[in-house]
Amino acid sequence: DDFQLRPFFDHVTGSAYDKEEALTRALDHFGVKAEEACYVDDTHDGLTAAKNVGLVTIGFLSGYNSPARINLAKPQSTAANLLRVANIITFLALGEQQ
């Protein structure tokens, strides 16, 4: 709200202690299957929870956890900046359409 970003998001969940449950609720909220969604996070725990739910994961390397810690979660892709995240998501979306 402070940065006036709310119009760019459809659903926001904060301080989710049970990340798997929060991710499952978000998928249910939007009526999306886990394998049809991707999840970007800069933490090992968040990426692990997303993988456990069945989401495609993108580890963000320029954030909270070190790149080495992110890589321990074995995300399907990694990105050091938001442009790379956008490119990965575009690639995934185009692959779904074929």
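Since the model is a prediction, treat every value here as computed from it, not as a measurement.

Peer 1: Please set out the overall build of the chain residue by residue, giving values where relevant.
Peer 2: Secondary structure assignment for the chain yields four helices and three strands. Taken from N to C terminus, the helices and strands of the chain fall in the order α-β-α-β-α-β-α. In terms of C-alpha radius of gyration, the chain reaches 13 Å, essentially the compact-globule figure of 13 Å for 98 residues. If you line up the chain on its principal axes, its C-alpha atoms span 35 × 30 × 30 Å. In the chain, buried positions account for 27% of the 98 residues. Expressed as a percentage of contacts within the chain between residues at least 6 apart in sequence, the contacts between residues at least 24 apart total 29%. Within the structure as shown, the chain displays about 7,000 Å² of accessible surface, and the carbon and sulfur contribution to it stands at 54%. Looking at charge distribution, the chain has the averaged site of its 8 positive side-chain charges lying 7 Å from that of its 13 negative ones.

Peer 1: Kindly report on the pairing of strand E2 (residues 56-60), identifying the contributing residues and their values.
Peer 2: Burial analysis of E2 places four of its five residues in the buried class, the great majority of the element. For the crossover from strand E1 (residues 38-41) across helix H2 (residues 44-53) to E2, the handedness is right-handed. Taken together, the three bridges between E2 and strand E3 (residues 77-79) define a ladder with parallel strand orientation. Bridge pairing in E3 places Ile 58 opposite Ser 77. Running through helix H3 (residues 67-72), the crossover from E2 to the neighbouring parallel element E3 is right-handed.

Peer 1: Can you lay out unusual backbone geometry for me, pointing to particular residues and giving the numbers?
Peer 2: Among all residues save glycine, negative phi is the norm, and among peptide bonds the norm is trans. We note that Gln 4 has phi near 60°; this positive angle belongs to a residue other than glycine. Residue placement: Gln 4 occurs in the segment before helix H1 (19-30). We classify Gln 4 as exposed; its relative accessible area is 64%. Positive phi is not limited to glycine here, since Lys 74 has a value of about 55°. Here Lys 74 shows up in the loop between H3 and E3.

What counts and how
- Residues numbered from 1 in each chain as written.
- Predicted model: local features only at pLDDT ≥ 70, side-chain atom pairs only at ≥ 80, totals over all residues.
- Heavy atoms only, no water.
- Helix = DSSP H or I, 4+ residues; strand = E, 2+ residues; numbered from the N terminus.
- Rg over C-alpha atoms; globule rule 2.2 N^0.38 Å.
- Buried < 20%, exposed > 50% of the residue type's maximum accessible area, 1.4 Å probe, protein only.
- Contact = heavy atoms within 4.5 Å.
- Areas by Shrake-Rupley, 256 points an atom, 1.4 Å probe, with all protein chains shown as cover.
- Lys, Arg positive; Asp, Glu negative; His and termini not counted.
- Charge placed at Lys NZ, Arg CZ, Asp CG, Glu CD.
- Right-handed = clockwise from strand over helix to strand, strands pointing away.
- Pairing = 2+ DSSP bridges.

None of the figures reported here should be taken as evidence of function without further support.
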